[in-house]
Amino acid sequence: MQVGVTSVFPTPPAPSGLFHGPLHLFAVRIYFEDTDLSGVVYHANYLRYMERARSDMLRLAGIDQRRANEAGEGAWAVTDLSIKYRLPARLDDELLVESRMIAVRGASVQIGQIIRRRDDVLTEGLVTAAFVSPEGRARRQPAGWAERFRAIMNGNDQHMDTP
């Protein structure tokens, strides 16, 4: 018996979420490793879920953060973060991280995020990230990125057509 024969099964979709108008939607399931002694999600893990959703939103929009970093152009750094915890998530919950571009500037973006369990809002966050040089100084985003972010803000799916 062969195990792991992939030709029988279709290739699963990439786990990058999807765009629905101006929202990027990213699914998260809660595992035992995500919880603390009381059985609820440890508070810092919500930040991880938000980071994964933001990174995958950019990837899906054709923003190649790795290439920019490896080319010496720079990288994103969180410069401001606020988070509001409303309700806890628990083992095996299925959550949805909604991300929305709030503002786009030459060297920074602001992204609002909500983590939901069905209709319940569990966590709300607002993140400002600046594009910084390898030396750690703020610098303009690579050419074309701000336009893609504005397209996302406007709910324009055109931003996903080309990398």
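Values in this document were obtained by computation on a predicted structure and should not be read as measured data.

Right, let's talk about the overall build of the protein for a bit. A count of helical and extended segments in the protein gives three helices and six strands. Taken from N to C terminus, the helices and strands of the protein fall in the order β-β-α-α-β-β-β-β-α. Evaluated residue by residue, the protein yields a buried proportion of 39% over its 163 residues. A separation of at least 24 residues holds for 66% of the contacts in the protein among residues at least 6 apart in sequence. Carbon and sulfur atoms provide 53% of the accessible area of the protein, an area that totals close to 10,000 Å².

Now for a nonpolar patch on the surface. Where nonpolar side chains cluster on the molecular surface, the patch consists of Leu47, Val78, Leu81 and Tyr85 and spans about 320 Å² of accessible area. Element by element, the count of residues in the nonpolar patch is highest for strand β3 (residues 75–85), at three residues. Position of Tyr85 relative to the elements: it lies in strand β3. A residue is classified by how much of its surface remains accessible, and Tyr85, at 36% relative accessible area, is partly exposed.

Strands sit in the order β1-β2-β4-β5-β6-β3 across an open sheet of six strands; the sheet is antiparallel. Both edges of this open sheet fall to β1 (18–20) and β3, since each of them pairs with a single strand only. Taken over all neighbouring pairs, the strand axes of this sheet differ in orientation by 30 degrees on average, direction set aside. As defined by bridge partners, β3 adjoins strand β6 (residues 120–132) across ten bridges and the pair is classed as antiparallel. Each bridged residue has a counterpart across the sheet, and for Ala77 the counterpart in β6 is Ala130. Here helix α1 (residues 43–60) sits on the sheet in contact with β1, β2 (23–29), β3, β4 (94–104), β5 (108–117) and β6, set at roughly 135 degrees to β2.

Turning next to the nonpolar core. One broad rule of soluble globular proteins: the nonpolar side chains tend to lie buried together. By size, the foremost hydrophobic cluster in this structure holds 17 residues, and its most contacted members are Leu58, Trp76, Met101, Val109, Trp145 and Phe149. Secondary-structure elements contributing two or more residues to this core are α1, β4, β5, β6 and α3 (145–153). Take this core: its biggest share by element is four residues, from α3. Residues contacting Trp145, with those up to four places away along its chain left out, are Ile63, Asp64, Gln65, Ala68, Trp76 and Phe131.

Rules behind the numbers
Residues numbered from 1 in each chain as written. Predicted model: local features only at pLDDT ≥ 70, side-chain atom pairs only at ≥ 80, totals over all residues. Heavy atoms only, no water. Helix = DSSP H or I, 4+ residues; strand = E, 2+ residues; numbered from the N terminus. Buried < 20%, exposed > 50% of the residue type's maximum accessible area, 1.4 Å probe, protein only. Contact = heavy atoms within 4.5 Å. Areas by Shrake-Rupley, 256 points an atom, 1.4 Å probe, with all protein chains shown as cover. Patch = residues over 30% accessible without salt bridge, like charges linked within 9 Å, V, L, I, M, F, W, Y side chains within 5 Å. Salt bridge = Lys/Arg side-chain N within 4 Å of Asp/Glu carboxyl O. Pairing = 2+ DSSP bridges. Axes fitted to C-alpha atoms, helices over the stretch in contact; angles between N-to-C directions. Core = buried A, V, L, I, M, F, W, Y, C linked by side-chain atoms within 4.5 Å.

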